[in-house]
Amino acid sequence: MRIDIISAVPDLISSFLEHSIVQRARSKGIMDIQLHDLHDYSTRKFRQIDDAPYGGGSGMVLGIEPIDRCITALKSERSYDEVIFMSPDGQPLTQSVCHRLTLKQNLIILCGHYKGVDERVRTGLCTMEISIGDYVLSGGELPAAVLTDAITRLQPGVLSDVQSALSDSFQDGLLSPPVYTRPAVYRDWAVPEVLRSGHETQIDAWRHEQALMRTKLRRPDLLADQGDV
Ligand code: SAH
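Residues numbered from 1 in each chain as written. Predicted model: local features only at pLDDT ≥ 70, side-chain atom pairs only at ≥ 80, totals over all residues. Heavy atoms only, no water.

### Thoughts on the overall build of the protein
Each helix and strand in the protein was counted, giving nine helices and nine strands. The buried share among the 229 residues of the protein stands at 40%. In the protein, of all internal contacts separated by at least 6 residues, the share reaching a separation of at least 24 is 74%. Distance from the positive charge centre (24 side chains) to the negative charge centre (31 side chains) of the protein: 3 Å. (Helix = DSSP H or I, 4+ residues; strand = E, 2+ residues; numbered from the N terminus. Buried < 20%, exposed > 50% of the residue type's maximum accessible area, 1.4 Å probe, protein only. Contact = heavy atoms within 4.5 Å. Lys, Arg positive; Asp, Glu negative; His and termini not counted. Charge placed at Lys NZ, Arg CZ, Asp CG, Glu CD.)

So this is what it looks like as structure tokens:
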């Protein structure tokens, strides 16, 4: 799968691509992730990519020209399934959105900056808008990294243990059960006996029960979505 990320500050994303699971996916050739500096597509003095908003008001707005030039250059090389704009007013990012996007071949992710982007970028060039939560960040770089990570870890062959991804929160509509590692007792906090029993069926049952309890307590909305409560 290929993801092209377009940004005014690509350095904010580059180190994220060089570590951990995303790096592993790239070195295995499962993910091809390319960064594009919007400034490289400016034809203006000092590689300017933004301007003051029409009608006045505070903040600068990313202009349509460099963005269109960059997207057009990419599209001339391959076809894209989606051109995604990261935006606080986009559709909320959920695990099921990630699953849908994991099945795609080529994605473009556009990061906004400053006050945002010219509206014509959104209506004319983008096919999807995604928010990572109800708060406002300074740029779309961290949101793009979040989306890229969430998609990457779902690609077959990225996680060494497929079961690990399947047992994560939201995967089956439940939150993940608690996990423990050595030592068995720390201060007077002991690891639940059942996990040390070696009884696989009992362990599975305990984990499912814990996942259910945790979901009921913390995110009853997830159970309601399934019509369980
Ligand atoms: N004026 C805009 C916010 C601009 S923030 C508004 O009120 O909606 C600058 C950029 O950061 C946005 O264009 C977007 O790309 C990114 N961004 C900020 N918060 C985000 C969020 N919660 N999810 C996704 N992208 C976000």
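Past the structure itself, the notes keep going.
### Regarding the domain arrangement of the protein
Partitioning the protein into domains gives domain 1 (2–152) and domain 2 (167–225). The centre of domain 1, based on its C-alpha atoms, is set 36 Å off from the matching centre of domain 2. (Domains from an automatic or database assignment.)

### What about the pattern of salt bridges?
Summed over the entire model, instances satisfying the criterion amount to 10 salt bridges. Note that R153 is salt-bridged to D168, the shortest N-O span being 2.7 Å. Taken together, the residues R153 in the loop between α6 (141–152) and α7 (162–166) and D168 in the loop between α7 and β8 (185–186) connect sequence positions 15 residues apart. Judged by relative accessible area, R153 falls into the partly exposed class, the value being 24%. (Salt bridge = Lys/Arg side-chain N within 4 Å of Asp/Glu carboxyl O.)

### Some remarks on the site of the ligand
The environment of the ligand is formed by 20 residues, the closest being M86, G112, K115, Y135 and L137. Measuring from an oxygen atom of the ligand, one finds a backbone N or O atom of M86 at 2.6 Å. A distance of 3.0 Å separates a nitrogen atom of the ligand from a polar backbone atom of G133. Elements that contribute at least two residues to the shell around the ligand include exactly β5 (82–92) and β7 (128–131). Ranked by residues supplied to the shell around the ligand, first place goes to β5 with four residues. Taken together, the residues of the shell around the ligand sort by class into 10 nonpolar, nine polar and one charged. (Near = heavy atom within 4 Å. Polar contact = N/O pair within 3.5 Å; in protein donor to acceptor, adjacent residues only side chain to side chain. Nonpolar A, V, L, I, M, F, W, Y, C, P; charged D, E, K, R; others polar.)

### Notes on the nonpolar core
Across soluble globular proteins, nonpolar side chains show a tendency to be buried alongside one another. Counting residues in hydrophobic clusters, the biggest one holds 23 residues, and the most contacted among them are I5, I84, L101, I130 and L147. Of all the elements in the fold, those that place two or more residues in this core are β1 (2–7), α1 (11–17), α2 (20–27), β5, α4 (95–102), β6 (106–111), β7 and α6. With residues up to four places along the chain from it excluded, the contact list for L101 reads M1, E82, I84, L107, M128, I130, L147 and I151. If you look at the next biggest cluster of nonpolar residues, it comprises 18 residues, including V83, L110, L125 and C126. (Core = buried A, V, L, I, M, F, W, Y, C linked by side-chain atoms within 4.5 Å.)

### Observations regarding the pairing of β5
Pairing geometry for β5 and β6, over five bridges, is parallel. Counted as the bridge partner of E82 is L107 from β6. Assessed by its sense of winding, the connection that carries the chain from β5 through α4 to β6 is right-handed. Taken together, the five bridges between β5 and β7 define a ladder with parallel strand orientation. Paired with F85 across the strands is E129, a residue of β7. (Pairing = 2+ DSSP bridges. Right-handed = clockwise from strand over helix to strand, strands pointing away.)

### Thoughts on unusual backbone geometry
Here the bond from R182 into P183 is cis, since omega is 5°, no more than 30 degrees from zero. Backbone geometry at S20 places phi at a positive 55°, although glycine is not the residue there. By secondary structure assignment, the location of S20 is in helix α2. Overall, S20 belongs to the exposed group, its relative accessible area being 60%. The phi angle at Y114 is positive, at roughly 50°, despite the residue not being glycine. The residue Y114 is located in the loop between β6 and α5 (119–124) in this model.

### Some details on the packing of aromatic side chains
In the structure shown here, the tally under the stated rule is one aromatic pair. Taken together, a centroid distance of 6.3 Å and an interplanar angle of 40° make the contact between Y186 and W189 tilted. Judged by relative accessible area, which is 49%, Y186 ranks as partly exposed. (Phe/Tyr/Trp six-rings, centres within 6.5 Å; stacked < 30°, edge-to-face > 60°.)

### Description of the sheet that holds β6
Note: strands within a sheet are paired through backbone hydrogen bonds, in either parallel or antiparallel orientation. Sheet architecture is open: five strands sit in the order β2-β1-β6-β5-β7, paired in parallel fashion. Two strands close off the open sheet at either side, each with one partner strand: β2 (32–37) and β7. Sheet twist, expressed as the average angle between the axes of neighbouring strands with direction ignored, equals 30°. Of the pairings in the sheet, the one linking β1 to β6 comprises five bridges and is parallel in character. (Axes fitted to C-alpha atoms, helices over the stretch in contact; angles between N-to-C directions.)

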